[in-house]
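Residue-level listing of the chains:
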Amino acid sequence: MNVEQVHGLDATVKRRLAVLVSGSGSNLQALIDAIEGGELPNIEIVLVVSNKANAQGLQRALTHKLPALYLPWSLTRQEVEAKLATVFSLFAVDLIVLAGWMRIFTPDFIGQYPNRIINLHPALLPDDGQGDTFTASTSEVVPVLRGLHVVGRALESGAKVTGSTVHYVTPEVDAGPMLCRAEVAIENSDTEETLHERIKAVEHRLIVEAVRKLF
Ligand code: GRF
């Protein structure tokens, strides 16, 4: 069951996305490009939120004349969630896309948006989000990496493959059901930077695919 079926959304109106970022916002840009290029005709981004003032993602939003909001790290989690709930309602947001957003939400907040928050995670997560190992298409069994610094941890693990997963956000961090996933081969010469760059290149189409799949 997708978001439309769960929420009975009208097929004639555009789906309204809020994209939450903390950094460069290259995935936000991928969504903007897909929308502007006509690839996602029934989608619009109605709000971009960043918890870093100097996030390039905020600039990208303003360049494309999208409403943008900065919620400082100094705010408590409760304050952030109260403000987000207000703006999500104000902007009639249908789907919340975490594209590099670095703050964890409380179970209560997540519970207010069932199947309506998705996250982009730069590692391979299982279909149901559960378990500690993942079997790649190469038959290699790799550790499931959740939380921070997963690109560097994939390199350190000695695995030959990693990737990216778009998944539904549930109270358990990086453990919600998978929506879209793609593998990326790890080269012997990779540094965290080169590997993350290749992962991001894959993510740019994965996030568009995930949004398309939902609506
Ligand atoms: C992506 O690699 C995403 O998987 C992770 O944070 C990164 C955000 O990159 N959660 P960008 O800000 O979209 O360039």
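First things first, this report covers the structure right here in the doc. (Residues numbered from 1 in each chain as written. Predicted model: local features only at pLDDT ≥ 70, side-chain atom pairs only at ≥ 80, totals over all residues. Heavy atoms only, no water.)

### Quick word on the packing of helix α2 (residues 26-36) against helix α7 (residues 192-214)
How two helices sit against one another is set out by the angle between their axes and by the gap between those axes. Packing of α2 against α7 leaves a shortest axis separation of 9 Å and a crossing angle of 50°. It follows that α2 is oblique to α7 by the angle criterion. Relative to α7, α2 is oriented so that their crossing is right-handed. In this structure, α2 contributes S26, N27, A30, L31 and A34 to the contact, and α7 contributes K200, E203, H204, I207, V208 and V211. In terms of residue class, the contact of α2 with α7 is made up of six nonpolar, three polar and two charged. (Axes fitted to C-alpha atoms, helices over the stretch in contact; angles between N-to-C directions. Helix = DSSP H or I, 4+ residues; strand = E, 2+ residues; numbered from the N terminus. Parallel < 35°, antiparallel > 145°, perpendicular 65-115°, else oblique. Left-handed = near helix turned anticlockwise from the far one by under 90°. Contact = heavy atoms within 4.5 Å. Nonpolar A, V, L, I, M, F, W, Y, C, P; charged D, E, K, R; others polar.)

### A short note on the nonpolar core
Side chains of nonpolar character tend, in soluble globular proteins, to be buried together. By size, the foremost hydrophobic cluster in this structure holds 49 residues, and its most contacted members are L31, I45, V97 and V166. Sorting elements by how many residues they give to this core places α7 first, with nine residues. Those residues in contact with V97 that sit more than four places away from it in its chain are L17, A18, V19, L20, L31, I118 and I207. Core analysis: the next-biggest nonpolar cluster, separate from the first, contains 21 residues, L20, V49, I110 and I117 among them. (Core = buried A, V, L, I, M, F, W, Y, C linked by side-chain atoms within 4.5 Å. Buried < 20%, exposed > 50% of the residue type's maximum accessible area, 1.4 Å probe, protein only.)

### Digging into the pattern of salt bridges
Under the counting rule described, the total for this entry stands at five salt bridges. Here R181 ties to D127 by a salt bridge, and the two come within 2.9 Å at their closest N and O atoms. Separated by 54 residues along the polypeptide, R181 in strand β9 (residues 178-185) and D127 in the loop between β5 (117-121) and β6 (133-135) bring together distant segments of the chain. Owing to a relative accessible area of 27%, R181 belongs among the partly exposed residues under this scheme. Taking the shortest distance from any N to any O, the salt bridge between D190 and R198 comes out at 2.7 Å. Since its relative accessible area comes to 29%, R198 is described here as partly exposed. (Salt bridge = Lys/Arg side-chain N within 4 Å of Asp/Glu carboxyl O.)

So far we have only geometry, and geometry alone does not tell us how the molecule works.
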